[in-house]
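Each chain, letter by letter, is given below.
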Amino acid sequence: MRLSAMGDVAMIVPIVKALSQQHPNLKITVVSRPFFRPLFEEIPNLIFFPFQDDSKHKGFLGLLRLFSDLKRMKIDAFADLHNVLRSKIVRSLLLLSGYKVAYTDKGRAAKKKLTRLENKILIPLPTVFERHVAVFSKLGFPIDLAQYKPEPLQKVEENVLKIIGSKDKILIGIAPFAQYDSKVYPLDLMRQVVQELSKNTSVRLLFFGSRAEVKSLQTLSENIENAFVVAGQLTFAQELQLIGKLQLMLSMDSGNAHLSAIYGVKTVTLWGATHPTAGFAPFKQPLDYCITSDREKFPFLPTSVYGNRKVEGYEDAMRTISVTCVVKKVTEMLHL
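Residues numbered from 1 in each chain as written. Predicted model: local features only at pLDDT ≥ 70, side-chain atom pairs only at ≥ 80, totals over all residues. Heavy atoms only, no water.

Colleague: What should I look at first to understand helix 5 (residues 108-115) in this one?
Modeller: Side chains that are three or four residues apart share a direction in an α-helix, a result of its 3.6 residues per turn. Along helix 5, the positions that sit buried rather than exposed are Lys111, Leu114 and Thr115. All buried residues of helix 5 project into a common sector of 85° when viewed along the axis, lining one side. Away from its buried face by more than 90 degrees, helix 5 exposes Ala109 and Lys112. (Buried < 20%, exposed > 50% of the residue type's maximum accessible area, 1.4 Å probe, protein only. Helix = DSSP H or I, 4+ residues; strand = E, 2+ residues; numbered from the N terminus. Arc of directions from axis to C-beta.)

Right under this line is the structure:
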């Protein structure tokens, strides 16, 4: 079970895929929001169970229904990869009924030490992926992520192929937004990055985001011939097909970074209030792909695990990431 934001759900995908590959006799049921179903479609021996928090599974009675649904499916064990009140209720009911359960240790105390403003302890914490793997080890199903190689989805629909266009083009995805402003690279600087990258005619820049961000993405890509705004053009399933065909994704510390990484796409991330030492770097991406704000100028960084905490005077922390640095990292990784 894992609900919550897109990036959080995306990060369980390689764990579930590796689980399926390394324990082929398992029957796996993923409980999550209906929107996230496409993330799990090509995993063998997997059933996706939609968590309907606006109707059937709403409130305590809804969680009782989910508990009953899981019992009817004759599950043997329950992996709580969310560890919040709703999932705790479900796992407690299952535990009391004799089922084997385990849950993800979020390491909240260590994260507080990492993000506190005084006496900060900047020690890399276990990754989210390591924390999830530990859950399945407790249930008796060890996972070796070193053996797992992420791959793009096999299915690619016709309208996705049209956006991909010529096979000679180098496809760079750009996802310039995040849930919180403290994680968003200043748009005037991002515009400069886009302009520099667009000078290479072998490159095609594809802009990802939500429907609410379409106008901003259009402004960011305005008058750039080799740019295309993907947001609002495809279904989520089709976007995943397209992301898997990218040569590189340039993203904030946000969901799109995790979507590209789980398909083995090189992923460059820009970090503001948050920091990869908290354990949220994209799957199997080297730390030098994570470009962080200058901690000498902004020593309180990271100020937050999720970016939802504002610290006065730190609004411009991401301006310490230069346009030149971003462009150089992307061009070097693609050998442009």
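Colleague: Would you explain the environment of Asn226 in this entry?
Modeller: Within the fold, Asn226 resides in the loop between helix 9 (214-220) and strand 7 (227-229). Ignoring anything within four residues of it in the chain, the contact list for Asn226 reads Ser198, Asn200, Val203, Arg204 and Leu205. In this structure the side chain of Asn226 is engaged in a polar contact, spanning 3.1 Å, whose partner is the backbone oxygen of Ser198. (Contact = heavy atoms within 4.5 Å. Polar contact = N/O pair within 3.5 Å; in protein donor to acceptor, adjacent residues only side chain to side chain.)

Colleague: For this particular structure, what's the right way to read helix 6 (residues 128-138)?
Modeller: Listed in full, the buried residues belonging to helix 6 are Val128, Phe129, Arg131, His132, Val133, Val135 and Phe136. Where the residues of helix 6 are buried, they touch helix 2 (13-22), strand 3 (77-80) and strand 4 (100-103).

Colleague: Even after reading the chapter, I still don't get the pattern of salt bridges, so can you show me in this structure?
Modeller: Should their charged atoms come close, side chains of opposite charge can pair. Summed over all chains, the structure comprises 11 salt bridges. Residue Arg86 pairs with Asp53 through a salt bridge whose shortest N-O separation is 4.0 Å. Here Asp53 lies in the loop between strand 2 (46-50) and helix 3 (59-72) and Arg86 lies in helix 4 (residues 85-96), a separation of 33 residues in the sequence. Exposure remark for Arg86: the relative accessible area of 31% places this residue in the partly exposed category. A relative accessible area of 27% means that Asp53 is categorised as partly exposed. We note a salt bridge from Asp316 to Arg319, for which the minimum N-O separation is 3.9 Å. Relative accessible area serves as the criterion here: at 39%, Arg319 is assigned to the partly exposed category. (Salt bridge = Lys/Arg side-chain N within 4 Å of Asp/Glu carboxyl O.)

Colleague: It is not clear to me how the pairing of strand 3 should be interpreted in this structure. Could you clarify?
Modeller: Taken residue by residue, a regular strand's side chains alternate between the two faces of the sheet. Judged from the four bridges that link them, strand 3 and strand 4 form a sheet pairing that is parallel. Note on strand 4: the bridge partner recorded for Asp80 is Tyr103. Handedness of the crossover joining strand 3 and strand 4 through helix 4 is recorded here as right-handed. (Pairing = 2+ DSSP bridges. Right-handed = clockwise from strand over helix to strand, strands pointing away.)

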